[in-house]
Amino acid sequence: MIVEIESDDDYLMISGIQHYAFCPRQWALIHIEQQWKENVLTTEGNDVHERVDDDNFDETRKDKRIVRRMPLLSEEYRIRGFADVVEFKRVDLDTPGTVKLEGRDGCWLVKPIEYKRGKPKSDDRDALQLCAQAMCLEEMMHVEITVGEIYYNEIRRREKIELTTRLRERVIEVIGHMRELYDSAHTPKAVYKNHCKSCSLFTLCKPKWSQDHARSAAYYVK
């Protein structure tokens, strides 16, 4: 499937949805200011993705087709990116929510699968990224996708993610906030939280310094 993009600047990256849900400032530093810095966690994440990111991998085994690093695009939400893996499963003809695949018999269910280095999170950032991928696939293939999966390398298994209405609404909400910041080229101020310690941009962001500096300035203004 060929994905055509009018201009890269017109589309937000799907991968940025997870960044924004983790921290809006981190997302802005990466996607607006074009800043990036590797740490141990991002390096491990890159290693996990290298095992599955193969543009030429397209394999069919019996009733299952696996496509890796599949290009994704949504004209409606103006987002683009890649799915680590899209799995197609051949099912009975009368099964709803299926697509026809060129050169292949039968009908196929579509399921995006995202790969992550760690373990399941306490928040929804990974699920939001997966759901956005599914929403792109639905638009591209004119199909309804109700379930996706996330493979977590630390626990060595897939977690099933229900693509609910609420999750879809959250995706649209996050994309809207991202678009507002992107169009205004605005980077939010730093807010120090516990998760800042694991951020690869910690030394660039300086969340502790920014907050302490703001408190000091407020003190002297008084």
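Refer to the structure above for everything that follows.
Residues numbered from 1 in each chain as written. Predicted model: local features only at pLDDT ≥ 70, side-chain atom pairs only at ≥ 80, totals over all residues. Heavy atoms only, no water.

Any chance you could break down the nonpolar core for me, citing the residues and the numbers?
Counting 41 residues, the largest nonpolar core has Ile 17, Ile 79, Phe 88, Val 110, Leu 137, Met 141 and Val 171 as its most contacted members. Elements with a contribution of two residues or more to this core: helix H1 (15–22), helix H2 (24–31), strand E3 (64–74), strand E4 (79–91), strand E6 (107–116), helix H4 (125–141), strand E7 (147–152) and helix H5 (165–184). Counting residues per element, this core draws most heavily on H4, at eleven residues. Leaving out residues up to four positions away in the same chain, Ile 79 has contacts with Tyr 11, Leu 12, Ile 14, Leu 72, Leu 73, Ser 74, Ala 132, Cys 136 and Ile 175. In terms of nonpolar packing, the next biggest core, distinct from the first, is built from eight residues, Phe 22, Cys 23, Ala 190 and Cys 205 among them. (Core = buried A, V, L, I, M, F, W, Y, C linked by side-chain atoms within 4.5 Å. Buried < 20%, exposed > 50% of the residue type's maximum accessible area, 1.4 Å probe, protein only. Helix = DSSP H or I, 4+ residues; strand = E, 2+ residues; numbered from the N terminus. Contact = heavy atoms within 4.5 Å.)

Now, about H5: what can you tell me, with residues and values included?
In a regular helix each residue adds 1.5 Å, so 20 residues correspond to 28 Å; H5 covers 29 Å between its end C-alpha atoms and thus fits that length. For H5, every residue scored as buried is listed here: Leu 167, Arg 168, Val 171, Val 174, Ile 175, Met 178, Arg 179 and Leu 181. Each buried residue of H5 sits inside an arc of 165° when the element is viewed along its axis, so together they form one side. Turned more than 90 degrees from where H5 packs its buried face, Thr 165, Arg 166, Glu 180 and Asp 183 sit exposed. Its buried side turned inward, H5 meets strand E1 (12–13), H1, H2, E4, H4 and strand E8 (157–162). Phi turns positive, to about 55°, at Ala 185, one or two residues after H5. (Expected span 1.5 Å × (residues − 1). Arc of directions from axis to C-beta.)

Residues and numbers for the packing of aromatic side chains, please.
If you walk through the whole model with that rule in mind, you get two aromatic pairs. Summarising the aromatic geometry, the rings of Tyr 20 and Trp 27 are spaced 6.0 Å apart at their centres and angled 75° between planes, so their arrangement reads as edge-to-face. Residue Tyr 20 shares its accessibility class with Trp 27, and that shared class is buried. Aromatic pair Tyr 115 and Tyr 151: ring centres 5.0 Å apart, planes at 40°, arrangement tilted. Of this pair, Tyr 115 sits in strand E6 while Tyr 151 sits in strand E7, and the two are 36 residues apart along the sequence. Summarising the burial analysis for this pair, Tyr 115 and Tyr 151 share the class buried. Positioned above the aromatic ring of Phe 82 is the side chain of Arg 69, whose terminal nitrogen or guanidinium carbon lies 3.8 Å from the ring centre. (Phe/Tyr/Trp six-rings, centres within 6.5 Å; stacked < 30°, edge-to-face > 60°. Lys NZ or Arg CZ within 6 Å of the ring centre and 35° of its normal.)

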